[in-house]
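Residues per chain are reported as follows:
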Amino acid sequence: MKIRIGFGLGTRSFTNDHATFDPFVDALEDLGFDSLWLSERLGGECPDPIVGLAYAAGRTKRMKFGMSVLVLPGRNLAVLAKELASLDRLSNGRLLPAFGLGVADAHEQTAFGVERRQRAKMFNEALPLLKRFWEEESVTHHGDWYSYDNVCLLPKPIQKPLDIWLGGAAEVELRRCGRFGDGWLPSFCTPDMAATGWKTVNDAAEAHERWIDPEHFGVLIPYTHGDINPGYRAILDRRAPGIDPGDIIPTGWDGLGDQIRRFIDIGASKFVPVLVGEPDDWFAELDGVASAVLSLQN
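Residues numbered from 1 in each chain as written. Predicted model: local features only at pLDDT ≥ 70, side-chain atom pairs only at ≥ 80, totals over all residues. Heavy atoms only, no water.

> Please give an account of the sheet that holds strand 5 (residues 70-71) that cites residues and values.
The strand order 5-7-10-11 describes an open sheet built from four strands, whose pairing is parallel. Single-partner strands in this sheet number two, and they are strand 5 and strand 11 (183-184). Pairing analysis gives two bridges linking strand 10 (residues 165-166) to strand 11, with the strands arranged parallel. Among the inter-strand pairings, L166 is bridged to a residue of strand 11, identified as W184. (Pairing = 2+ DSSP bridges. Helix = DSSP H or I, 4+ residues; strand = E, 2+ residues; numbered from the N terminus.)

This is how it looks when you write it as structure tokens:
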């Protein structure tokens, strides 16, 4: 099992300034982190994740790039497929596409032009279409939300196949991952919760005569150096009521390392730590994380 550890920045605004983003990306590459993950907020100061990751790809040779996550409903799928295939080729196969429905925020949903109740149905139709654009010579499709006639997408991605990662923890999200996804990257969960979810994902995949690579079981792990702020506590109350916050958000670099080991014990192998709060020195922070956890990579 290949253990790989990246780093997630979420929607932090310093990614929108080359004077701070450039050296951060360089440090991740130099220290040996496996991947960089950016999130999407149309109403936030952070850059578009495709643009931000393409910029980072141009500065690096080895590190991979993922979205945590890219909103799918509301996009032109053929254009998106072209953009991601281009990024995968220009980065020499270092793209890790991950998709979601979007944050439950009225302003974001308005910006994407999709009603909340429509998002899941659109998502379920869109995911197989993306794969068809990447894998088939010509695509014709007439569904409830998308319609294409003889669309030929070039270039094709360098990765064959270009695997799609999904998150989520609700029963319907787990079944969707098993039906359409190629990897699962949950967040805000304990190892026991993740193990139960991974079984549900695989049961759903088997029901649809699919198989998901056991190496494609990952976890996004928030960690802290102090108190958990009210925003994160609200997420924990919603996603894991009754669970000790410390069982989900470890404290310190050593706590992060211990949490990753617990997830490795239940079969996870891909990890994205995300710092809760802002450090005094980002480069010292990366050094600390690297010293504590990158030795787990193999």
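Past the structure itself, the notes keep going.
> Requested: an account of the pattern of salt bridges, with residues and values cited.
Summed over all chains, the structure comprises 16 salt bridges. Here R59 and D22 are joined by a salt bridge, their closest N and O atoms 3.2 Å apart. Linking R59 in helix 2 (residues 49-59) with D22 in helix 1 (residues 18-31), this pair joins segments that are 37 residues apart in sequence. Relative accessible area serves as the criterion here: at 37%, R59 is assigned to the partly exposed category. We classify D22 as buried; its relative accessible area is 10%. Between D34 and K64 there is a salt bridge, and its shortest N-O distance comes to 2.5 Å. Taken together, the residues span a long stretch of sequence, with D34 in the loop between helix 1 and strand 3 (35-38) and K64 in strand 4 (residues 64-67) at a distance of 30 residues. (Salt bridge = Lys/Arg side-chain N within 4 Å of Asp/Glu carboxyl O. Buried < 20%, exposed > 50% of the residue type's maximum accessible area, 1.4 Å probe, protein only.)

> Please give an account of the side chain of E108 that cites residues and values.
Along the chain, E108 turns up in helix 4 (residues 106-112). For the buried E108, which has no salt bridge, the nearest side chain bearing the opposite charge is R41, at an N-O separation of 5.4 Å. Among the polar contacts made by the side chain of E108, one reaches the main-chain amide nitrogen of L42 at a distance of 3.1 Å. Setting aside its immediate chain neighbours within four residues, E108 contacts R41, L42, G43 and V103. (Lys, Arg positive; Asp, Glu negative; His and termini not counted. Polar contact = N/O pair within 3.5 Å; in protein donor to acceptor, adjacent residues only side chain to side chain. Contact = heavy atoms within 4.5 Å.)

> Go over helix 7 (residues 191-207) with me, naming the residues and quoting the values.
For helix 7, which comprises 17 residues, the first-to-last C-alpha distance of 24 Å matches the rise-based estimate of 24 Å (1.5 Å per residue) to within 8%. What helix 7 keeps buried is the set P191, A194, G197, W198, T200, V201, A204 and A205. Those residues of helix 7 that are buried are in contact with helix 6 (171-180), strand 11 and helix 9 (252-265). E209, located one to two residues past helix 7, shows a positive phi value of around 55°. (Expected span 1.5 Å × (residues − 1).)

> Go over the environment of L77, please, and point to the residues and values.
Looking at where L77 falls in the secondary structure, it is placed in helix 3 (residues 77-90). In this structure L77 comes out as buried when scored by relative accessible area, which is 0%. Residues L77 and G8 lie 69 residues apart in sequence; the distance between their C-alpha atoms is 25 Å.

> Would you mind going over the pairing of strand 12 (residues 218-223) in detail, with residue names and values included?
Along any regular strand the residues' side chains alternate between the sheet's two faces. For strand 12, the tally of buried residues reaches six of six residues, placing the bulk of the element in the interior. Neither face of strand 12 is exposed, since G218, L220 and P222 on one face and V219, I221 and Y223 on the opposite face are all buried. Alignment of strand 12 against strand 13 (residues 270-275), held across six bridges, turns out to be parallel. Each residue of the ladder has a partner; that of V219, found in strand 13, is F271.

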